[in-house]
Amino acid sequence: MSLANGRPYLAIPGPSVSPERVLRAMHRSAPNIYEGALVEMTDGIMPDLKRIAGTKHFATIYISNGHGAWEAALSNVIAPGDKVLVPVTGRFGYGWAEMAQGIGAEVEVIDFGLRDGMDMDRVAATLAADKAHKIKAVLGVHVDTSSSIRTDMRGLRAALDAAAHPALLMADCIASLGCDRFEMDAWGVDVMVAASQKGLMVPPGLGFVFFNDKAAEVRAAMPRVSLYWDWTARATPEFFYQYFGGTAPTHHLFALREALNMIHEEGLEAVYARHATLAEAIWAAVETWGEGGPIELNVADRAMRSHAVTSLRIGAPHGTALRRWTEYEVGVTLGIGLGMSTKDDPKGDGFFRFGHMGHVNAHMVLGMLASVQAGMSAIGVPYGPGGLDAAAKVIARG
Ligand SMILES: *Cc1c(COP(=O)(O)O)cnc(C)c1O
């Protein structure tokens, strides 16, 4: 017997659960891509995207995943031989750094490990030491989905300012947009990348790049930018096809329109508050369980914890065993531990993650937590009593 039949819950940190409304919006015949409803709808999508990003400047959409958005952003401002500085708090920081390397950048990484977060003084000192201003951009991942560390992007901006360094500040908000508060203009971020399949609740396939006037000036001074990645016409198209450098991602746009409608109806502040409270419930459960067993939040400092993804430590082989159990026995699929392996645990079997981004509510999170507790029981991992009570209290408080 399995107790998994019924509606499954994919609780991995992307792709996230797509609402029925979003899926239904995609269920239609292909529209005309030259004039009519699709064209008019897309003109309305751009200001709504900018609102969620907190920018009055430029927004672009690429038919890509997050990796494509990484490359798109870099391709517009980084030429071969240019230098970038990447303060890293997890696997995704390295991923963006590798992408920069791939287009010929000279990359300097500062590795802050997987638990501690960035030391902004060290970032500022590195920038201050760059007297010739060779560093053209600082790449910061807002929420690194592997460690679930959330970086204070205002702090990173302050590090640039403290060093009076002119480099662009570029942010990866792929995991955080629409979950953790982010305000591009107010926080002094010059370029931001995001993707459709996490907080924005749309299936994978759309990458977003936002940029401001300063970044546009850097783009204008580039020796060459490949026509497909060039953000210029995409941000200010004369013809509809220029938004996408070719055929529009028709069905994804209908999905995105509906997802933006849902965010608008709920209100962005309420969306942030929902994610914050659900994350709080998760922390309460795990901290209580951890009083009597090996389970532990990866990030100790509450101010550095993401509201969209939570990375956990439970000791090998329990992470993998627990994921298997919840998936096959109760229908909850948890995220693998990503980029967290150690010498003693080369496959990362002692780690796992909760995705709680986008279309997620209290009963989903409480169900997930109860499933995890049942799983620990079933596979014989001890845990402190009262974890579910602690989570329920957070939800009851609202
Ligand atoms: C998911 C994610 C990526 C990669 O996105 P893909 O769509 O898998 O290419 C990059 N950065 C962060 C922070 C992410 O969460």
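Source: prediction; values computed, not measured.

Colleague: So what exactly am I meant to see when it comes to the packing of aromatic side chains here?
Modeller: Each aromatic ring pair is described using two quantities: the centre-to-centre distance and the angle formed by the ring planes. Counted by the stated rule, this structure contains twelve aromatic pairs. Each ring, one from Tyr62 and one from Trp229, has its centre 5.6 Å from the other, and the planes form 50°; the classification is tilted. Taken together, the residues span a long stretch of sequence, with Tyr62 in strand E2 (residues 58-63) and Trp229 in the loop between helix H7 (213-220) and helix H8 (232-235) at a distance of 167 residues. Looking at Tyr62, the relative accessible area reads 0%, which means it is buried.

Colleague: Would you explain the nonpolar core in this entry?
Modeller: Residues Leu49, Ile61 and Met192 are the most contacted members of the largest nonpolar core, which totals 60 residues. Looking at this core, you find at least three residues from each of domain 1 (9-16 + 267-397) and domain 2 (31-264). For Leu49, the residues in contact, after removing those within four places along its chain, are Ile61, Leu200, Phe208, Phe210, Leu256 and Leu260.

Colleague: Which parts of the structure should I look at to understand the pairing of strand E8 (residues 168-172)?
Modeller: In summary, the side chains of a regular strand alternate between the two faces of the sheet. Of all the five residues making up E8, five are buried; the element is thus mostly covered by neighbouring parts of the structure. Neither face of E8 is open: one carries Leu168, Met170 and Asp172, the other Leu169 and Ala171, and all of them are buried. Direction of pairing for strand E5 (residues 135-141) relative to E8: parallel, over a ladder of five bridges. Within E8, the position partnered with Ala137 by the bridge is Leu168. In this sheet, strand E9 (residues 191-195) lies alongside E8 in parallel orientation, the contact comprising three bridges. Pairing of Ala171 across the sheet is with Met192, part of E9.

Colleague: Looking at this structure, I do not really get the domain arrangement of the protein chain. What am I missing?
Modeller: As a measure of interface size, the accessible area lost when the parts come together is often cited. Under the domain assignment, the protein chain is made up of domain 1 (9-16 + 267-397) and domain 2 (31-264). Put simply, the middle of domain 1 and the middle of domain 2, counted by C-alpha atoms, are 28 Å apart. Domain 1 puts 31 residues into the contact, and the matching count from domain 2 is 29 residues. Summing the contributions of domain 1 and of domain 2, the shared interface buries around 2500 Å²; its carbon and sulfur component is 54%. Counting the surface domain 1 buries against domain 2, the share from its top three residues, Leu268, Tyr272 and Met304, is 23%. For Glu296, the salt bridge goes to Arg115, with nearest N and O atoms at 2.9 Å. Across the contact surface, domain 1 and domain 2 share 18 residue pairs in polar contact (both at pLDDT 80 or more). Here the residues of the side of domain 1 that touches domain 2 are counted per class, giving 14 nonpolar, twelve polar and five charged.

Colleague: Please explain the site of the ligand as it appears in this structure.
Modeller: The environment of the ligand is formed by 13 residues, the closest being His67, Thr145, Asp172, Gln197 and Lys198. Residue His67 places a side-chain N or O atom 2.5 Å away from an oxygen atom belonging to the ligand. Here an oxygen atom of the ligand sits 2.3 Å away from a polar atom, N or O, in the side chain of Thr145. For the ligand, whose unbound accessible area comes to 380 Å², protein coverage reaches 90%. Ranked by residue count, the leading element in the shell around the ligand is helix H3 (residues 66-77), at three residues. Taken together, the residues of the shell around the ligand sort by class into six nonpolar, five polar and two charged.

So, how was this worked out
Residues numbered from 1 in each chain as written. Predicted model: local features only at pLDDT ≥ 70, side-chain atom pairs only at ≥ 80, totals over all residues. Heavy atoms only, no water. Phe/Tyr/Trp six-rings, centres within 6.5 Å; stacked < 30°, edge-to-face > 60°. Helix = DSSP H or I, 4+ residues; strand = E, 2+ residues; numbered from the N terminus. Buried < 20%, exposed > 50% of the residue type's maximum accessible area, 1.4 Å probe, protein only. Core = buried A, V, L, I, M, F, W, Y, C linked by side-chain atoms within 4.5 Å. Domains from an automatic or database assignment. Contact = heavy atoms within 4.5 Å. Pairing = 2+ DSSP bridges. Buried area = accessible area lost by both parts, 1.4 Å probe. Salt bridge = Lys/Arg side-chain N within 4 Å of Asp/Glu carboxyl O. Polar contact = N/O pair within 3.5 Å; in protein donor to acceptor, adjacent residues only side chain to side chain. Nonpolar A, V, L, I, M, F, W, Y, C, P; charged D, E, K, R; others polar. Near = heavy atom within 4 Å. Areas by Shrake-Rupley, 256 points an atom, 1.4 Å probe, with all protein chains shown as cover.

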